[in-house]
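Inside the fold
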Amino acid sequence: MLRIFSHRNLRLLYANIQTKISLIRSYYDLISEMKKFNDKKQFQNALKLFYQCEKSNHGMISGAAVSQALKSCTNMKDFQSGLILHQRYSSLIEKNKYSLSSLIHFYMQLGDVNHAQILFDKLKNKTVGIYGAMMKGYIKNNMAQKAIDIYFQITNPDEKNISLLFNACARIATDETLNLVKKVLSNLPDRYQNDEYILTTAFDVFIKSNDLSNAERIFSKLPQNTISYGNLMSAFNKTNQPQKIFELYEQMKINQIQLNPSVCVLLINACSALGIYSISKSVSEQIPKSYLDNIFINNALIDMWGKSGCVEKAKNIFDSLIQPDTIGYTSMINSYGLNGMGSKAIELFNKMPSKLILEETYVCVLNACSHSRLVEQAQKIFSNIENKTENICTTMVDCFSRSSLFEEAENIINIYESNHSPSPAMLMSLLSGARNKNDCYLAEKTFNRIEKHFPQLKNRFISASILLANVYASTGQIDKSLNVKKNLNQLSLKKPSGFSYTEVDGQTFRARDSSHPRFKEISNEIEKISKELLSYGHKYDSSCITRSLNENETVESVLCGHSERLAIAWNFVVNPNRSHIQITKNLRVCGDCHESTKLIAMIRQCEIIVRDANRIHHFHKNGQCSCNDCF
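If you're wondering where the values come from, they're calculated on a predicted model, not measured in any experiment.

The subject of this paragraph is unusual backbone geometry. The phi dihedral of lysine 77 is positive, around 55 degrees, even though this residue is not glycine. As for its placement among the helices and strands, lysine 77 is situated in the loop between helix H3 (63–76) and helix H4 (79–88). Looking at lysine 77, the relative accessible area reads 64%, which means it is exposed. Backbone geometry at asparagine 438 places phi at a positive 55 degrees, although glycine is not the residue there. Checked against the element boundaries, asparagine 438 lands in the loop between helix H26 (424–437) and helix H27 (440–453).

Right, here's the structure in full:
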């Protein structure tokens with residue numbers, strides 16, 4: 001009997017084994033082929049293969065094959081097919097955690113959160129993959145907080161769970177989520193310390209939470225490519241740190257990383273922020289010629305040249321555009337306005353197709369009118385605007401206020417406030433006009449309204465207080481002026497420190513800053529310039545000082561310590577015969593610095609361009625300014 005079993009049954013046993021091996025191969029062949037199709041994004045082909053096998057050999061369908069089919073349905077957004085798969089293979093899916101994870105992912109990605117939640121809640125033993133599918137689904141469906149909450153249910157989260165946690169935190173980007181990410185990062189297992197996915201999502205959190213010091217720290221550990229550089233540049237662009245962008249660009253060149261159009265735009269925007277011609281010229285010459293027909297780059301270049309005080313170059317680029325869009329027209333109009341060419345701005349606005357005109361276009365052309373005192377033209381444009389938004393009304397109030405037409409300005413404010421809450425920007429524009437005219441009654445009335453309606457806006461309150469103090473000082477009410485400043489000190493509120501950037505050696509000067517290594521030479525030059533100004537009859541204006549004088553200070557010494565005065569002096573220290581100086585400062589130029597710079601340009605026969613917070617001043621050798629003293 002043993003011999004009979006050995007010969008007859010052995011052949012049957014062998015045949016059975018071969019059949020099972022063949023079936024196993026078929027299982028894996030089906031899964032492998034479907035995966036290949038899905039990886040190539042040929043989802044329809046993957047699903048077609050599944051259906052063919054389903055009809056010809058239903059026994060070949062495994063949990064892994066169903067997972068691949070669900071993946072195809074998810075990517076094709078074919079909800080009906082996925083639902084049928086769930087109903088047909090529910091018992092098979094429930095036995096396979098991988099398939100269940102795919103099913104949860106399917107429902108989440110197609111927006112059926114409730115169905116996914118029901119499946120998840122039924123599970124007793126949840127894998128990290130299933131938790132991951134839920135987290136990813138919550139994020140997809142704008143429920144980032146639930147993704148964060150569910151993370152804390154995971155006993156041993158893997159790198160994907162951690163990355164998803166950080167992704168959810170990036171969506172919310174609060175101090176709380178930022179601190180959570182820092183805490184999780186500090187406790188990462190050693191095997192995850194340099195995980196690319198974790199670091200990349202942590203980097204995204206730091207960028208979106210404006211924690212750029214930590215973003216820079218993480219950046220050094222990330223793969224160095226155009227995208228990672230662009231992301232960090234974009235963050236510095238939003239926080240107005242152009243120098244950081246240029247530093248990153250230098251790293252890109254060292255690492256031989258190519259520019260793309262998006263990074264080019266960020267570099268150009270950094271040039272716009274600085275507003276220095278020589279830097280703008282250098283960067284523009286490094287943009288690949290193949291990108292110079294890109295509309296986004298051309299629009300950015302128009303803005304850059306306008307903000308660098310070179311309107312002609314901005315116009316050349318604008319004229320080269322076959323069909324300018326809204327941004328192109330608006331950037332060119334703004335370039336004219338910033339540089340005191342209001343008539344040119346209006347002329348271009350009138351040529352602009354009406355369908356392209358948006359709110360920002362109206363704001364720019366009205367602002368151009370305001371800075372050139374073209375009140376009638378501004379009124380005509382304003383009267384034809386159907387939707388008079390807060391920004392548009394604010395610009396018109398500014399236009400009237402600069403020309404001391406306060407009744408007209410208040411009329412716009414009253415009409416606006418009949419249907420809206422008071423606008424701090426409008427009231428500040430009115431107060432600024434009252435300060436220029438030294439109208440004490442209007443300044444007090446407007447300040448009181450700002451204080452009443454916007455006590456929480458500290459920066460507005462500081463600016464309003466300084467303007468009111470200046471009005472008091474200019475009208476001889478010194479005690480009232482000191483009381484306003486004393487009130488600011490008691491509230492621990494300070495005026496932002498002024499700083500000026502100049503192209504010579506890329507120096508930044510802060511008001512009354514004596515830290516420069518060559519400050520002694522700068523100080524001597526300031527004293528020399530001051531003597532020249534006094535000999536030409538200049539009288540220092542004490543009303544431009546917004547604080548009490550300290551011991552050993554004079555009106556002259558304080559005003560000569562303003563940041564642009566230091567920057568101008570530095571230029572002459574480096575080259576006593578300079579014929580061109582360019583400066584960008586963060587605050588509005590004060591009246592005394594404006595008068596002084598006009599005289600310096602004439603005495604030293606040097607063209608001086610100063611871009612302040614509001615506009616660009618071209619101080620000419622004849623002692624005149626392009627703003628015609630409208631600033």
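Right, let's talk about the environment of serine 421 for a bit. Assignment of secondary structure puts serine 421 in the loop between helix H25 (406–417) and H26. Its relative accessible area of 57% is what places serine 421 among the exposed residues. Separated by 107 residues in sequence, serine 421 and lysine 528 have C-alpha atoms that sit 52 Å apart.

Below, the discussion takes up empty space enclosed by the protein. A complete count under the given rule lists 2 cavities of 30 Å³ or more for this structure. Roughly 70 Å³ of internal volume is contained in the largest cavity. Lining of the largest cavity is provided by Ile526, Ile529, Ser530, Leu533, Tyr540, Cys560, Arg565, Ile568, Ala569 and Ile600. Contributions of two or more residues to the lining of the largest cavity are made by helix H30 (519–535) and helix H32 (563–574).

Right, let's get into the layout of surface pockets. Approximately 1,000 Å³ is the volume attributed to the second largest pocket. Taken together, 32 residues line the second largest pocket, and the ones lying closest to its centre are His105, Gly132, Ala133, Lys136 and Lys160. Mapped by element, the contributors of at least two residues to the lining of the second largest pocket are helix H1 (2–39), H3, helix H6 (97–109), helix H8 (128–140), helix H10 (159–172) and helix H12 (196–208). Ranked by the residues each element gives to the lining of the second largest pocket, the list is headed by H8, at 7 residues. Tallied by class, the residues present in the lining of the second largest pocket amount to 7 nonpolar, 15 polar and 10 charged.

What counts and what doesn't
- Residues numbered from 1 in each chain as written.
- Predicted model: local features only at pLDDT ≥ 70, side-chain atom pairs only at ≥ 80, totals over all residues.
- Heavy atoms only, no water.
- Helix = DSSP H or I, 4+ residues; strand = E, 2+ residues; numbered from the N terminus.
- Buried < 20%, exposed > 50% of the residue type's maximum accessible area, 1.4 Å probe, protein only.
- 1 Å grid on protein atoms, 1.4 Å probe; cavity = no way out; pocket = protein on both sides within 12 Å on 5 of 7 lines; lining within 4 Å.
- Points joined across faces, edges and corners; volume = space filled by probe spheres on them.
- Nonpolar A, V, L, I, M, F, W, Y, C, P; charged D, E, K, R; others polar.

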